[in-house]
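# A closer look at the structure
One letter stands for each residue in the lines below.
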Amino acid sequence: MDGFKIVLEIAPTLIALFFAIQIFRSSGALDLIVHFLTPIGKLLKIPKEVLPVIFAKLFSSSAATGFLLDIYKTSGPDSLAGFMSSVILSSTETCFYTLSVYYSVVGIKKIRYTLTGALLAVFVGTFISVFISYF
């Protein structure tokens, strides 16, 4: 019975997160963010195709996997973009998803320090993944 209660508590957050990602992707907002992140990506030698994977991974692992599959179809899994995206997906966590779902169940409202630490870990994991991908 406790499991069903937890599902009922988590369901609204999961549904809202799913719809937010779909709206974000369909509206073209993701393309706009990728456009603004491209100069930073060039500076860090991150292929443009990988930027949506990095951004989507913050919110949804399945959305990031969808972008990864698009890269596999267009560039191939053995390409730099395919390999780098695979390493990034295995080295980072969906911090906004994790915070929203697990903290809402437990009832934690103050997430400032957790969010800062999680984002720092994601950025470090992404940077090291890019570095490793070139070797």
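Each remark here, short or long, concerns the structure printed above.
Reading the values: the criteria
Residues numbered from 1 in each chain as written. Predicted model: local features only at pLDDT ≥ 70, side-chain atom pairs only at ≥ 80, totals over all residues. Heavy atoms only, no water. Helix = DSSP H or I, 4+ residues; strand = E, 2+ residues; numbered from the N terminus. Buried < 20%, exposed > 50% of the residue type's maximum accessible area, 1.4 Å probe, protein only. Contact = heavy atoms within 4.5 Å. Lys, Arg positive; Asp, Glu negative; His and termini not counted. Charge placed at Lys NZ, Arg CZ, Asp CG, Glu CD. Expected span 1.5 Å × (residues − 1). Core = buried A, V, L, I, M, F, W, Y, C linked by side-chain atoms within 4.5 Å. Phe/Tyr/Trp six-rings, centres within 6.5 Å; stacked < 30°, edge-to-face > 60°. Patch = residues over 30% accessible without salt bridge, like charges linked within 9 Å, V, L, I, M, F, W, Y side chains within 5 Å. Areas by Shrake-Rupley, 256 points an atom, 1.4 Å probe, with all protein chains shown as cover. Salt bridge = Lys/Arg side-chain N within 4 Å of Asp/Glu carboxyl O.

### Considering the overall build of the protein
- Along the backbone of the protein there are 7 helices and 0 strands.
- For the protein, the spread of C-alpha atoms along the principal axes amounts to about 50 × 30 × 25 Å.
- Burial analysis of the protein (135 residues in total) assigns 33% to the buried set.
- Put simply, of all contacts in the protein between residues at least 6 apart along the chain, 64% involve residues at least 24 apart.
- When the 10 basic and 7 acidic side-chain charges of the protein are each reduced to a single mean position, those positions are 9 Å apart.

### Comments concerning helix 6 (residues 95-106)
- With 12 residues, helix 6 extends 16 Å between its outermost C-alpha atoms, agreeing within 8% with the 16 Å of an ideal straight helix rising 1.5 Å per residue.
- Within helix 6, the full set of buried residues consists of C95, L99 and V101.
- Where helix 6 ends, the next residue or the one after it, G107, has phi of about 95°, a positive value.

### Things to note about the nonpolar core
- Counting 24 residues, the largest nonpolar core has I46, V50, V53, I54, M84 and I88 as the members making the most contacts within it.
- Secondary-structure elements contributing two or more residues to this core are helix 2 (29-43), helix 3 (51-57), helix 4 (61-74), helix 5 (80-91) and helix 7 (112-133).

### Points about the environment of S85
- Mapped onto the elements of the fold, S85 is located in helix 5.
- Look at S85 and you get buried, because its relative accessible area is 0%.
- Residues S85 and V7 lie 78 residues apart in sequence; the distance between their C-alpha atoms is 31 Å.
- Here S85 is in contact with V50, V53, L68 and I71, once residues within four sequence places are set aside.

### Structural notes on the packing of aromatic side chains
- Scanning all chains against the criterion turns up 3 aromatic pairs.
- Centroid distance F131 to F135: 4.9 Å. Interplanar angle 70°. Geometry classified as edge-to-face.

### A look at a nonpolar patch on the surface
- Together, I40, L43, L44, L120, V124, F127, I128, F131, I132 and F135 make up an exposed nonpolar region whose accessible area comes to about 1100 Å².
- When residues in the nonpolar patch are grouped by element, the largest group, 6 residues, is from helix 7.
- Counting through the fold element by element, L43 comes out in helix 2.

### Considerations on unusual backbone geometry
- Positive phi is not limited to glycine here, since K45 has a value of about 60°.
- Following the sequence through the fold, K45 ends up in the loop between helix 2 and helix 3.

### Some details on the environment of P77
- Within the fold, P77 resides in the loop between helix 4 and helix 5.
- Discounting residues that sit within four places of it in the chain, P77 has contacts with Y72, G82 and F83.

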